[in-house]
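# Topology and contacts: notes
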Amino acid sequence: MNGITAGRIELIVGPMFAGKTTEMLRRVDRAELARKRVVVMKYSADNRYSKNNVSTHDLQMRVAIPCSLLLPHIEECQNFDVIGIDEGQFFPDVVEFSETLANCGKTVIVAGLDGDFRRQPFGRVLDLISRSESLTKLTAICTETGGDACYTQRTIDSQDLEIIGGAEIYRAASRTSYFHKPTNGEINLTIGPVQSGKTTELLRVLNRHMIAGRNPILIRPNDHGYQNKRVSKFECRTTTTLPSKEEIGDYQIIGIDDAHLYENIAEWADELANEGKLVVVAALDSNSDREPFDVVKKLFALSEKVQKLEAVCTKTGLPAPFSILNGIEMVPISRYALLQYLKNSQSINA
């Protein structure tokens, strides 16, 4: 197929103790059973359990290549079919390394923290959300409530960003536990490329809650794309600025469409969730250069649940996890079609 072989990037994120490394190793082991050549990379400063092995908290281990930068090992990794990366948040070159190998036909599986102990995006891991074919956000078990925990909380008094440790320094926390404030609110985020059905999924969730007798509202920045969608069953507001929490105090379910267009969406949604609201958000994951929106990355680290939808590539019919600019409009595209497009562009400019 024109000499192009497209691989994939699989991103596994979540708080500490969520089983990210376990899931990465499970996928790597499965690939090895399928007679794929596999290798695992680990952060060299993390030698809590072993210097030369990736290890889970329950001491499941696998031999790995320890390093502080990934790109110096890229030629070595070209000899493998599947490359696992543990603690991806610590590698400043994780995006370039993963993209290069995926574009060479490799499967790259990255496990890492999406948020730090302040609930801010950690390192460059979330720059991969718009470059991944697969995205999984795992939860841990909250040490206080026993419910799902989506945050990592530090239990010692230090503001240093990189402190490597385990349960003696960190714990998994739910929203209630993190803020020491009882709440059943949460943020559910749906992202993806254009034409992936994000708005359709948002409306489905709001309608489901309305049928259950709850009171939803939909907030959107413009009317684009709503002409053929039935949204009149519940209140809809079109506004370029997000309303105050007092303005929407009577609503239990808050839906936000095209959330990447709201500059303060992360702080706004977080405040509502802390007040007990269910905030359901749909957002484009990237601009036309496949660079993720900063507001979406920030919201991602605050969200209890995240899913990434895919569209259908108009060029190949393959699943399309990305968006690019075609003329004046954004279109969904697969990695294979993207590589083909880039190859043709280079030929024209040569």
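The sections below set out a description of the structure shown in this document.

## Remarks on the sheet that holds strand E14 (residues 216–220)
- The strand order across the open sheet formed by six strands is E15-E14-E16-E17-E13-E18, and the pairing between neighbours is parallel. At either end of the open sheet lies a strand with only one pairing partner, and these are strand E15 (235–238) and strand E18 (305–308). Looking at each pair of strands side by side, their axes are set apart by 15° on average, direction ignored.
- Against the sheet, helix H5 (residues 198–211) engages strand E13 (186–192), E14, strand E16 (253–256), strand E17 (278–284) and E18, with an angle of about 165° to E17.
- Of the strands in this sheet, E13, E17 and E18 touch helix H7 (residues 294–302), which is tilted by about 135° from E13.

## Brief notes about unusual backbone geometry
- Positive phi is not limited to glycine here, since Arg-35 has a value of about 65°.
- Along the chain, Arg-35 falls in the loop between helix H1 (20–33) and strand E2 (38–43).
- You can call Arg-35 exposed: its relative accessible area is 77%.
- Its identity as a non-glycine residue notwithstanding, Arg-119 has a phi of 70°, on the positive side.
- Counting through the fold element by element, Arg-119 comes out in the loop between strand E7 (107–113) and strand E8 (134–137).

## Details of H5
- Taking 1.5 Å as the rise per residue, H5 with 14 residues should run 20 Å; its terminal C-alpha atoms sit 20 Å apart, in good agreement.
- Turning to H5, its buried residues number three or more, namely Lys-198, Thr-199, Glu-201, Leu-202, Leu-203, Val-205, Leu-206, Asn-207 and His-209.
- At the C-terminal side of H5, Gly-213 shows a positive phi close to 90°.

## Comments concerning the nonpolar core
- Ranked by size, the top nonpolar core spans 59 residues in total, and within it Ile-85, Ile-254, Ile-256, Ile-265, Trp-268 and Phe-300 carry the most contacts.
- Among the elements that line this core, the one with the most residues is helix H6 (residues 265–274), at six residues.
- Non-local contacts of Ile-254, meaning those with residues more than four positions away in its chain, are made with Ile-217, Ile-219, Ile-248, Trp-268, Leu-272, Lys-277, Leu-278, Val-279 and Val-280.
- With 18 residues, the next largest nonpolar core counts Val-38, Ala-64, Ile-109 and Ala-172 among its residues.

## Some remarks on the environment of Ser-196
- Mapped onto the elements, Ser-196 comes out in the loop between E13 and H5.
- We classify Ser-196 as buried; its relative accessible area is 11%.
- Put simply, Ser-196 and Phe-322 are 126 residues apart on the chain and 9.7 Å apart in space, counted from C-alpha to C-alpha.
- Excluding its chain neighbours within four sequence positions, the residues that come into contact with Ser-196 are Leu-309, Glu-310 and Ala-311.
- Separated by 3.5 Å, the side chains of Ser-196 and Lys-198 make a polar contact.

Basis of the calculations
- Residues numbered from 1 in each chain as written.
- Predicted model: local features only at pLDDT ≥ 70, side-chain atom pairs only at ≥ 80, totals over all residues.
- Heavy atoms only, no water.
- Pairing = 2+ DSSP bridges.
- Helix = DSSP H or I, 4+ residues; strand = E, 2+ residues; numbered from the N terminus.
- Axes fitted to C-alpha atoms, helices over the stretch in contact; angles between N-to-C directions.
- Contact = heavy atoms within 4.5 Å.
- Buried < 20%, exposed > 50% of the residue type's maximum accessible area, 1.4 Å probe, protein only.
- Expected span 1.5 Å × (residues − 1).
- Core = buried A, V, L, I, M, F, W, Y, C linked by side-chain atoms within 4.5 Å.
- Polar contact = N/O pair within 3.5 Å; in protein donor to acceptor, adjacent residues only side chain to side chain.

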